Amino acid sequence: MNGPTIAARPTRPRPGARIWVVLGVLITYTVFAGRQVGFDISTFWNVWSNPLWEKFWPVPWDWVLDWHNVLDPLLETFQIAVVATLVGCGLALPLAFAMSPLTSPNRTTMVVSRSVMNVVRAVPDLFWAKLLVTAVGIGAFAGSWALSVFSLAVMVKLFSEAVDGADPRPLEAAKATGGRHLPVIRTGVLPTVLPEYVAYGLYVFELNIRASVVLGLVGAGGIGRVIEAQRQYFRFDRVLGILLLVFVVVIVIEQVSVAVRKRLV
Amino acid sequence: MIRFNDVSVTYRGGVQALRNVDLRIDDGEFVVVVGLSGAGKSTLLRALNGLVPATSGSITIDGTEVVGAQSAELRAIRSRIGMIFQTFNLVNRTSVLNNVLMGRLASVPTWRSTTGLWPATDTEIAMQALERVGIVEKAYVRAADLSGGQQQRVGIARALAQEPSVMLADEPVAALDPVTSRQIMGDLRRINREMGITTMVNLHYLDLAREFGRRLVGLRDGEVVFDGDIADVTDETFRHIYGRAITDDDLLAVDGEPTE
């Protein structure tokens, strides 16, 4: 039997000169930009030889592990993250369905919800925090709100992709039964994307724990406010203690969240 | 009674899937539609329940016009038409019962189907539908854990739960092995006879069409090129419909031949 005609093997394509041009432009611009902002690599050592660093040690653990000083604000940070995750992800669920061409009830709903989310996303979370602190006053309430908006933005971005990529076939079957839009989505699409929804929700919670520490710096409550206050008193030993504690909490929550997410998807 | 009157469907992009189709199907008929892929079989079925809107012409079911029907009207039409799909189109991650309950969507208040608090009467209808296709014992099993044949039976049960007067089956056995294909076709014929549900089945395999059909409709390039009693169908008829000679690929297999 005659086999197929064997063609000559092609030569391996070479990466070409383009990569070197790109690299060259990148390096040249980095050097130029560094000069412009007065960055000097030799100042690196000046930063680390600053006497400031001696103030970080030893950590006063009896102050750090005190309920009133640190643990209570840390619990507040945790609570802000929980509330913000639930509110943000709760709002993200209907929004993601409204935004997807697959599941949107009509074009108007799709365009309006997409525009709203574009505006929400365009504003940075720290700015939301500052805005809300100004609006509702310093404290955990402003922090919860700011972080809810942040959660909504992140969750919609992540979950929308799951909705857009959902299997359209059960949806078609649900439509064919003559159901209304909402029950059709609920029974034909939601069960197919629910594991992703929960997994992304947990991920957003992880982000929120870290973000709520940062938000405290601008007066939005929680442990961040304590860090900021101690920094202003130059009590860097206390700051380091708090940071180590936060580090442990974040690691524990991340490990739990990763373990749960692995089982889901 | 179903009537297609001069129905044409042109997709966006200009592909004409149906050309001036005229059909009249009486209550309780079992019609097999054959044709090459791309001949318009799927479009014909989907035009009937409005999943694909007809571009021109008129389609009526018991006098109700489908073409141009919107929202509530269209949902009412769809609720009377059960549909079975080539790829089963089940929600894999949920139970068999939940999949069958989907067939009750049009009859149950939104708040109940959305919260999953189905009325007992509707759960009963779903269970009876599962009994009719012989897999009620799988009611609480995840749909993904069933075999292909069992999944298609869930698809049939979902359609039956609508208590439909018309059943559309779009290549219901194309994803199944020959033995299971015969069983599923047998289920459809039995349901047609026992319950008097008007049934339209798209098929590719000519021997299955001969074995189970009573009336045959042949589509070629979106046109009805044959419409008649299956007893009058010869190999010449199939050659005419397919526009080429019949090959082994057009036949399912000899009776009960096992496959891997």
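Predicted, not measured: the structure shown is a model, and the values here were computed from it.

**A few points about the overall build of chain B**
Counting secondary structure elements, chain B contains 9 helices and 10 strands. In summary, chain B has a C-alpha radius of gyration of 18 Å against a globular reference of 18 Å for 260 residues, a match within 12%. With the C-alpha coordinates aligned to their principal axes, the bounding extent of chain B is approximately 55 × 45 × 35 Å. Counting all 260 residues of chain B, 44% fall into the buried class. Long-range pairs, those at least 24 residues apart, make up 67% of the contacts in chain B with a sequence separation of at least 6.

**Examining the overall build of chain A**
Of regular secondary structure, chain A possesses 12 helices and 0 strands. Sequence-ordered secondary structure for chain A, helices as α and strands as β, is α-α-α-α-α-α-α-α-α-α-α-α. Across its three principal axes, chain A shows a C-alpha extent of roughly 80 × 60 × 40 Å. Taking all 265 residues of chain A together, the buried fraction comes to 33%. Across chain A, contacts joining residues at least 24 apart in sequence account for 73% of those joining residues at least 6 apart.

**Here's the deal with the pairing of strand β6 (residues 81-84) of chain B**
All names here are of chain B. Burial along β6 is two-sided: the residues I81 and M83 and G82 and I84 are all buried. Note: β6 against strand β7 (residues 166-170), 4 bridges, orientation parallel. The partner of G82 across the bridge, within β7, is M167.

**Observations concerning the sheet that holds strand β1 (residues 2-10) of chain B**
Residues and elements named next belong to chain B. Spatial ordering of the open sheet is given by β2-β1-β4-β5, a layout of 4 strands whose pairing is antiparallel. Each edge of the sheet is formed by a strand with only one pairing partner; in this case those strands are β2 (16-25) and β5 (64-65). Where β1 meets strand β4 (residues 56-61), 5 bridges bridge the pair, whose relative direction is antiparallel. Bridge pairing in β4 links S8 to S56.

**Remarks on unusual backbone geometry**
Residues and elements named next belong to chain B. Within the chain, D6 stands out as a residue other than glycine whose phi angle is a positive 55 degrees. Along the chain, the position of D6 falls in strand β1. According to the C-beta neighbour criterion, D6 is exposed, with 12 such atoms within 10 Å. A positive phi is found at D221, a non-glycine position, where the angle reads about 50 degrees. Here D221 is to be found in the loop between β9 (215-220) and β10 (223-229). The class of D221 is partly exposed, set by 15 C-beta atoms lying within 10 Å.

**Points about helix α4 (residues 67-99) of chain A**
Look at α4(A): 45 Å from first C-alpha to last across 33 residues, which is about the 48 Å you get at 1.5 Å a residue. Of all the bends found along α4(A), the most pronounced is centred on L93(A) and spans about 30 degrees, while P94(A), a proline, follows it within four residues.

**Brief notes about helix α6 (residues 148-160) of chain B**
Each turn of an α-helix holds 3.6 residues, which means side chains three or four residues apart point in the same direction. Residue and element names in this part refer to chain B. Under the 1.5 Å per step criterion, the end-to-end length of α6 is 18 Å for 13 residues, consistent within 8% with the ideal 18 Å. Counting buried residues in α6 gives 10 out of 13 residues, a clear majority hidden from the surface. Listing the buried residues of α6 in full gives Q151, Q152, R153, V154, G155, I156, A157, R158, A159 and L160. The inward-facing, buried residues of α6 abut β6, α3 (96-101), α5 (120-132), β7 and α7 (178-195).

**Here we look at the sheet that holds β9(B)**
Residue and element names in this part refer to chain B. Pairing within the open sheet is mixed, and its 6 strands lie in the order β6-β7-β8-β3-β9-β10. Taken across any chain shown, the strands that pair with only one partner, and hence form the sheet edges, are β6 and β10. When strand polarity is set aside, the average angle formed by the axes of neighbouring strands in this sheet is 15 degrees.

**A word on the interface of chain A and chain B**
One widely used convention gives an interface's size as the accessible area the parts lose upon coming together. Every contact between the two is made by 19 residues of chain A and, on the other side, 22 residues of chain B. Elements that contribute at least two residues to the side of chain A that touches chain B include exactly α8 (168-176), α9 (181-188) and α10 (190-216) of chain A. In terms of residue count, the dominant contributor to the side of chain A that touches chain B is α8(A) (7 residues). Grouping the constituent residues of the side of chain A that touches chain B by class yields 8 nonpolar, 6 polar and 5 charged.

**Concerning the domain arrangement of chain B**
Residue and element names in this part refer to chain B. Segmentation of chain B into domains returns domain 1 (1-80 + 166-260) and domain 2 (90-163). On a C-alpha basis, the centroid separation for the pair domain 1 and domain 2 is 25 Å. With 10 residues of domain 1 at the interface, the matching set in domain 2 holds 9 residues. The set of elements that each furnish at least two residues to the side of domain 1 that touches domain 2 consists of α2 (71-79) and α7. Considering every element that reaches the side of domain 1 that touches domain 2, the biggest residue donor is α7, with 4 residues.

**Here we look at the nonpolar core**
By size, the foremost hydrophobic cluster in this structure holds 123 residues, and its most contacted members are A146(A), V100(B) and L168(B). Residue contributions to this core peak at 15 residues, all from helix α7 (residues 140-164) of chain A. Both domains that furnish three or more residues to this core are identified here as domain 1 (1-80 + 166-260) and domain 2 (90-163) of chain B.

**A few points about the packing of helix α11 (residues 223-232) of chain A against helix α12 (residues 236-264) of chain A**
Residue and element names in this part refer to chain A. It is the contact of α11 with α12, at a shortest axis distance of 9 Å, that shows an interaxial angle of 160 degrees. Comparing their axes, α12 and α11 come out roughly antiparallel. In this structure, α11 crosses over α12, and the sense of that crossing is left-handed. Two secondary-structure elements touch here, α11 through I223, V226, I227, Q230 and R231 and α12 through R238, V239, I242 and V246. Looking at the contact of α11 with α12, its residues break down into 6 nonpolar, 1 polar and 2 charged.

**Overview of the pairing of β4(B)**
All names here are of chain B. Two strands pair when backbone bridges link them, and β4 and β5 are joined in this way by 2 bridges, in the antiparallel orientation. Considered in β5, the bridge of T60 is made with E65. Between the antiparallel neighbours β4 and β5 lie 2 residues, among them D62 with a positive phi of about 45 degrees.

**Some words on the confidence of the model for chain B**
Per-residue confidence for chain B averages 92 on the pLDDT scale, and 97% of its residues sit at or above 70. Taken as a whole, residues 256-260 of chain B scores under 50 in pLDDT and shows 5 contacts with residues more than four places along the chain or in a different chain.

What counts, and where the lines are drawn
- Residues numbered from 1 in each chain as written.
- Chains lettered and ligands numbered in written order.
- Predicted model: local features only at pLDDT ≥ 70, side-chain atom pairs only at ≥ 80, totals over all residues.
- Helix = DSSP H or I, 4+ residues; strand = E, 2+ residues; numbered from the N terminus.
- Rg over C-alpha atoms; globule rule 2.2 N^0.38 Å.
- Buried ≥ 20, exposed ≤ 12 C-beta atoms within 10 Å, placed from the backbone.
- Contact = placed C-beta atoms within 7 Å.
- Pairing = 2+ DSSP bridges.
- Expected span 1.5 Å × (residues − 1).
- Bend = angle between axes of the 7 residues up to and from the residue.
- Axes fitted to C-alpha atoms, helices over the stretch in contact; angles between N-to-C directions.
- Nonpolar A, V, L, I, M, F, W, Y, C, P; charged D, E, K, R; others polar.
- Domains from an automatic or database assignment.
- Core = buried A, V, L, I, M, F, W, Y, C linked by C-beta atoms within 7 Å.
- Parallel < 35°, antiparallel > 145°, perpendicular 65-115°, else oblique.
- Left-handed = near helix turned anticlockwise from the far one by under 90°.
- pLDDT = per-residue confidence, 0-100.

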